[in-house]
Amino acid sequence: MLRFLIKNLGPFKFRFWVIFTISLINSAAIFAVPFVLSEKFSGEVSKSSSNSAIIIVSVIFILSIILEWFIRRWGESLRYSYSNYIKLKFFESLEGMSLDPNKNQVHTGYLLSLISKVSDSVFSTLSLFCWAIPGTITTTVIFLYLIISQSILIALVNIAVISIFMFTSIALSRRLSVKFKDLNESQAELNEQLIDFMNNSGTLKLLHAFKFSRDKLENKASKVNSKAQDLQNLHSNRWALLHLIYGFSFLSTLYILVSKISTGDLPVATMIIFIPTFSYVKSNLESTSETIMNFIEAGAYLKTLNGTLNIDSSTGVETTSKPISWHTLGFKNLAYKYNNTNKKVRFQDFTINRGDKVMISGKSGRGKSTLINILAGYLEPSSGEVLLDGKGIQSDNSIFQNISLVTQDTELFNLSLEDNLCLGKTIEKSRLIQLLNDAGLGDILKNHTLSGISGEKGNKFSVGQKQRINILRTLISDKEIVILDEPTSNLDTKTEQKVINLIEKELKDKTTIIVSHRKEISKICNKYYTL
């Protein structure tokens, strides 16, 4: 986890190391106060020594305020910036995640839980890098130096105890990480179910099934609560053991100090150093111990997340489609086997010439949607291959960046109508209005502006309206190959004809593949493939 954090600092690298260095200096400044006081008052106290001590402590105090102000202003805000940067980095990685259900069976709720865990760990870790870790490094080193100057025996005792403390902390943290992973998986299952029910709350209401869903959620929540208690049992035992170890260090050191002071081997001023600095070191070591536990826990989540998203570099996924030269697209000996079933569909060989308008038809369940998902690069065939100019191509071929697929599952974002249509492309508003009118959506603009928010999943529009908006944004994307799955299934005859005319007009120079049973669609096609 620490390697991941340092490696992915990106634009925050300079700022991070500046804050860390300032934190080290600030910790040393804070720690210097008892040291200065013990030095100034270890022998005979004079007015001049008292005044110089006050001046030095005042300067240290003012310096500490300035340094802490800098840390709070630039260091603590870094937590939010970097945590959000990591979230977006993982979001970018989603583009490389397979949509093939045979390969990817991860629920979005589980992914969200993993990403949240890792980003939250980054947030808390950066906070510790601003305060606890620099403090631990500085105070431990100076503390041991001061103790060595007073007593080798005390120093050896504390070095041994600190070593035992850190070793025990790491060992117990590894045990805790297993519990954390188990708890997170159960929490993710709860989140998955909760998200699923929330996304379908309308269906639950129509079916009067809220009690059923609540019972399901309560059952999963009960498992989460039980595992959380198991975790806290181990965590509390860890806390008690570590405090006993440190308590032994404190009491043994105090005993040796008192013995040496009573015999005159050490000055009383040594106690001025020991009591506050020991407490400060203890506090920082405890924070560092928690950091180690967070590192180990987050590392387990990170490993799972990287495996799920198949992250193998920090360069991201190429998203820009580049025009390529090709003449034919086809498939040979193509077959697809559905996971956990005996069902396997085979597809007769077929070739599509550039610019063709192809209609795919067939009975339900014959694999029409499976075929177009293979052609679009979202599914990998069990056997056979997709051909480009007669040569087999892999799923990462650049041709797939030039394909736009409109499925029957229409999803709109909780953004403006214009954003949903353009998806970042700059399009003249007059052009958008013309397309909306051509698709029979002109009436939308009477009650909904282009800048108006579409609602969650586009709930401000009907199914038929969302279907046409989805078709329009595909036309606007201007890909070389357009695949439409039942584009007029939710439309009446009059609106269907408008959409067909629009497709014929806007895609006249494009290679178009349409899954449909409608006769009107067949009239604009020149090739037909039946399953």
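Criteria and thresholds
- Residues numbered from 1 in each chain as written.
- Predicted model: local features only at pLDDT ≥ 70, side-chain atom pairs only at ≥ 80, totals over all residues.
- Heavy atoms only, no water.
- Helix = DSSP H or I, 4+ residues; strand = E, 2+ residues; numbered from the N terminus.
- Rg over C-alpha atoms; globule rule 2.2 N^0.38 Å.
- Buried < 20%, exposed > 50% of the residue type's maximum accessible area, 1.4 Å probe, protein only.
- Patch = residues over 30% accessible without salt bridge, like charges linked within 9 Å, V, L, I, M, F, W, Y side chains within 5 Å.
- Areas by Shrake-Rupley, 256 points an atom, 1.4 Å probe, with all protein chains shown as cover.
- Salt bridge = Lys/Arg side-chain N within 4 Å of Asp/Glu carboxyl O.
- pLDDT = per-residue confidence, 0-100.
- Contact = heavy atoms within 4.5 Å.
- Pairing = 2+ DSSP bridges.
- Axes fitted to C-alpha atoms, helices over the stretch in contact; angles between N-to-C directions.
- Parallel < 35°, antiparallel > 145°, perpendicular 65-115°, else oblique.
- Nonpolar A, V, L, I, M, F, W, Y, C, P; charged D, E, K, R; others polar.
- Polar contact = N/O pair within 3.5 Å; in protein donor to acceptor, adjacent residues only side chain to side chain.
- Expected span 1.5 Å × (residues − 1).
- Core = buried A, V, L, I, M, F, W, Y, C linked by side-chain atoms within 4.5 Å.

Draft legend 1. Summary view of the overall build of the protein chain. Across its full length, the protein chain holds 16 helices and 10 strands. In terms of overall size, the protein chain is more extended than a compact globule, its C-alpha atoms giving a radius of gyration of 33 Å where 531 residues would be expected to give roughly 24 Å. Its C-alpha atoms give the protein chain principal-axis dimensions of roughly 105 × 50 × 50 Å. Looking at the protein chain as a whole, 44% of its 531 residues are labelled buried.

Draft legend 2. Structural view of a nonpolar patch on the surface. Taken together, the side chains of Phe61, Ile62, Ile65 and Ile66 make up a nonpolar region of the molecular surface, amounting to roughly 420 Å² of accessible area. If you trace the backbone, Ile65 turns up in helix α3 (residues 47-93). Of the residues examined, Ile65 reaches a relative accessible area of 46% and is grouped as partly exposed.

Draft legend 3. Inspection of the confidence of the model for the protein chain at higher detail. Chain-level statistics for the protein chain give a pLDDT mean of 83 and a share of 92% at 70 or above. Long-range and interchain partners of residues 312-320, a stretch whose pLDDT sits below 50, account for 9 contacts in this model, where long-range means more than four residues apart.

Draft legend 4. Representation of the environment of Ser262 in the model. In this structure, Ser262 sits in helix α8 (residues 210-262). Taking the C-alpha atoms as reference points, Ser262 and Thr370, 108 residues apart in sequence, are found 86 Å from one another.

Draft legend 5. Representation of the sheet that holds strand β8 (residues 481-485) within the structure. Ordered in space as β7-β8-β9-β4-β10, the 5 strands form an open sheet in which the pairing is parallel. Each having just a single partner strand, β7 (403-406) and β10 (527-530) make up the two edges of the open sheet. The sheet shows a mean angle of 15° between the axes of neighbouring strands, taken without regard to direction. Relative to β7, helix α14 (residues 463-477) is tilted by about 175°, and along the sheet it contacts β7 and β8.

Draft legend 6. The packing of helix α6 (residues 152-199) against α8, seen in detail. Direction vectors running N to C along α6 and α8 enclose 175°, while the axes themselves pass 9 Å from each other. Relative to α8, α6 is oriented roughly antiparallel. When its residues are assigned to classes, the contact of α6 with α8 shows 27 nonpolar, 12 polar and 9 charged.

Draft legend 7. Up close: the environment of Tyr82. As for its placement among the helices and strands, Tyr82 is situated in helix α3. Through-space distance from the C-alpha of Tyr82 to that of Thr328 is 46 Å; in sequence the pair is 246 residues apart. Here Tyr82 is in contact with Phe4, Leu5, Asn8, Leu9, Phe12, Val122 and Leu126, once residues within four sequence places are set aside. Within the structure, the side chain of Tyr82 is placed 3.1 Å from the backbone oxygen of Asn8, a separation counted as a polar contact.

Draft legend 8. α14, seen in detail. Helix length check: α14 (15 residues) gives 21 Å between terminal C-alpha atoms against 21 Å at 1.5 Å per residue, within 8%. Most of α14 is tucked away: 12 of the 15 residues are buried. Burial in α14 covers these residues: Gly464, Lys466, Gln467, Arg468, Ile469, Asn470, Ile471, Leu472, Arg473, Thr474, Leu475 and Ile476. Where α14 is buried, its residues meet β7, α11 (417-422), α12 (429-438), α13 (444-447), β8 and α15 (493-506). In the stretch just after α14, Asp478 is the one whose phi turns positive, near 60°.

Draft legend 9. Representation of the nonpolar core in the model. Membership of the largest hydrophobic core comes to 39 residues, with the highest contact counts inside it found for Phe16, Tyr82, Phe90, Val118, Leu126 and Leu305. Listed by contribution, the elements that provide at least two residues to this core are α1 (2-7), α2 (13-40), α3, α4 (108-130), α5 (132-150), α6, α8 and α9 (269-309). No other element matches α4, which puts 9 residues into this core.

Draft legend 10. Fine view of the side chain of Arg238. With respect to the helices and strands, the residue Arg238 is situated in helix α8. With residues near it in sequence (within four places) discarded, Arg238 still touches Ser169, Leu172, Ser173, Leu176, Ser289, Glu290 and Met293.

Draft legend 11. Here's a closer look at the pattern of salt bridges. In total, this model carries 14 salt bridges according to the counting rule given. With a shortest N-O distance of 3.9 Å, Arg79 and Glu76 are connected by a salt bridge. Here Arg79 and its partner Glu76 are both found in helix α3, 3 residues apart, which amounts to about one turn of the helix. By relative accessible area, which is 13% here, Arg79 ends up buried. As a salt-bridge pair, Glu520 and Lys523 come within 3.1 Å of each other at their nearest N and O atoms. Each member of the salt-bridge network shares a partner with another, and the members are Glu68, Arg72, Glu76 and Arg79.

Draft legend 12. Seen up close, the pairing of strand β2 (residues 344-347). Side chains of β2 alternate between two faces, with Val345 and Phe347 buried and Lys344 and Arg346 left unburied. Two elements, strand β1 (residues 328-337) and β2, share 4 bridges in a ladder whose sense is antiparallel. Across the sheet, residue Ala335 finds its bridge partner in β2, namely Arg346. Where β1 folds back onto β2 in an antiparallel hairpin, the turn is made up of 6 residues, including Asn340, whose phi is positive at roughly 60°.

Draft legend 13. Molecular detail of the side chain of Asn26. Its place among the elements puts Asn26 in helix α2. Among residues more than four places away in sequence, those in contact with Asn26 are Ser64, Leu67, Glu68, Ile71 and Trp131.

Draft legend 14. How the structure looks around the packing of α12 against α15. Put simply, α12 and α15 touch, their axes get as near as 9 Å, and they point 135° apart. Relative to α15, the element α12 lies oblique. In this structure, α12 uses Arg431, Leu435 and Asp438 to contact α15, whose residues at the interface are Lys498, Leu502, Lys505 and Glu506.

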